[in-house]
Amino acid sequence: MEHYARRAITTIRENYHEPLVLDDLARSVMMSKFYFIRVFQRTTGVTPGRFLSAVRLHEAKSLLVHSSSNVADVSARVGYGSASTFSRRFTASVGLSPTQYRRIGRGGTGEDPHITPFAVERGPLGSVAGTARVLGSSRSPLYIGLFDSPILQGQPAAWTKLDGSGPFQVADVPPGTWYLHAVTLGARTSGDQWGDSPLLVGTVGPVDIGADERTRVDVVLQQEDWTRPPVLLALPGFGSRPARPHTAETARPAGPYGGPGAGYRTPRQRTVADRRLVGV
């Protein structure tokens, strides 16, 4: 069933700016809606809606750095009908507002994103220990954190940094169910920009962490593949320039309303039916 999920992901990546409907995606791979959701989630670890949302926000990151579009236009170009909703979700997922991300992403400010775990209540805490192994060459710090999502986004519950492969320990983890994410920057593949370097990532979870318990978790980092939702969190030390967006002005023929391509609709043109969108 993996090829059905792959076909759906291709549709999402090519048409994320459209008001994609779950029923249409399921029909495109000749499945019932509910069976399609199960197959998709088994392959990617997330629902189609969460995957679409991650793709949209990832493309927005690139547009903010590489295009002159204002935040409202970027919001519309990646499929959001409300600029305020877009800004809220972008900030919660990336850790910076769209304006902050643009300023840092274009460089020259000397700023860097800061990763701050959220405040935890007093009480017994757990910890995670294990070994991180990188398949390939790393050219940046290796970050490991516990998050509440299978997508690398938002604030971590706890966070640590390594110089490279080896043993690690993450202390002061609140009891609960978490996803362990590890990420580093691989060796350049071409050119001389940070954006040319692949991310090496690893995810383990869900992992249950108990109070006053030390949980063993080993993780392997390797280059992102097609099944993974994009990394959304802005990471310190990873350079300032993300890869160029698929929605760059020259990437698609202009649509009838100046959007990224045929079928694009401005927020004003979207209908009540759009409430059935795959994206959340």
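Residues numbered from 1 in each chain as written. Predicted model: local features only at pLDDT ≥ 70, side-chain atom pairs only at ≥ 80, totals over all residues. Heavy atoms only, no water.

### Focus on the overall build of the protein chain
What counts is decided by this rule: Helical segments are the DSSP runs of H or I of at least four residues, strand segments are the runs of E of at least two, and each set is numbered from the N terminus. In this scheme, a residue with accessible area under 20% of its type's maximum is buried, one over 50% is exposed, and one in between is partly exposed, where area comes from a 1.4 Å probe on protein chains only. Throughout, a contact is declared for two residues whenever any of their heavy atoms are within 4.5 Å. Computed with a 1.4 Å probe, the accessible areas rest on the Shrake-Rupley method; for each residue, only the protein chains presented here act as cover.
Within the protein chain, the secondary structure is distributed over 7 helices and 8 strands. Split into buried and exposed, the 280 residues of the protein chain put 48% on the buried side. Once local pairs closer than 6 in sequence are excluded, the contacts in the protein chain between residues at least 24 apart make up 70%. Carbon and sulfur atoms make up 49% of the accessible area of the protein chain, which amounts to about 13600 Å² in all.

### Some points on the confidence of the model for the protein chain
In plain terms, the rule: The predictor attaches a confidence to each residue, called pLDDT, with possible values from 0 through 100.
In this model, the protein chain carries a mean pLDDT of 81, and residues with pLDDT of at least 70 account for 80%. In the model, residues 244–277 has pLDDT below 50 throughout and makes 64 contacts with residues more than four positions away in sequence or in other chains.

### Examining the pairing of strand β6 (residues 199–209)
Successive residues of a regular strand alternate their side chains across the two faces of the sheet. Inclusion rule: Two strands qualify as a pair provided that DSSP identifies no fewer than 2 bridges between them.
Sheet analysis places strand β5 (residues 176–185) next to β6, joined by 9 bridges and oriented antiparallel. The residue bridging L180 from the neighbouring strand is V204, located in β6. Bridge analysis of β6 against strand β8 (residues 219–223) gives 2 bridges, and the strand direction is antiparallel. When the sheet's bridge partners are listed, V201 is paired in β8 with Q222.

### So, the packing of aromatic side chains
Note the threshold: The pairing test for Phe, Tyr and Trp rings, Trp by its six-membered ring, is centres within 6.5 Å, and the orientation test on the planes gives stacked under 30 degrees, edge-to-face over 60, and tilted for anything in between.
Overall, the coordinates contain 7 aromatic pairs when judged by the stated rule. Taken together, a centroid distance of 5.7 Å and an interplanar angle of 50° make the contact between F86 and F90 tilted. Of the two residues, F86 and F90 are both situated in helix α6 (residues 83–94); the distance of 4 residues between them amounts to about one turn of the helix. Here the two residues F86 and F90 agree in accessibility, since each one is buried. Among the aromatic residues, those joined into a ring-pair cluster are Y80, F86, F90 and Y101.

### Comments concerning helix α3 (residues 33–44)
One turn of the α-helix equals 3.6 residues, which is why residues spaced by three or four share an orientation. The line we're drawing: The span you would expect from a helix comes to 1.5 Å times its residue count less one.
Its 12 residues give α3 an end-to-end C-alpha distance of 16 Å, which sits within 8% of 16 Å, the value for a rise of 1.5 Å per residue. On its buried face, α3 sits against α1 (2–15), α2 (22–28) and α4 (48–66). G45, located one to two residues past α3, shows a positive phi value of around 90°.

### Re the side chain of T44
Heads up, the condition is: Pairing of N or O atoms within 3.5 Å defines a polar contact, subject to two protein rules: one partner must be a possible hydrogen donor and the other a possible acceptor, and residues neighboring in sequence count only if both atoms are side-chain atoms.
Within the secondary structure, T44 sits in helix α3. For T44, a relative accessible area of 11% corresponds to the buried category. Side-chain polar atoms of T44 contact the backbone oxygen of F40, separated by 2.9 Å. Within the structure, the side chain of T44 is placed 2.9 Å from the backbone oxygen of V46, a separation counted as a polar contact.

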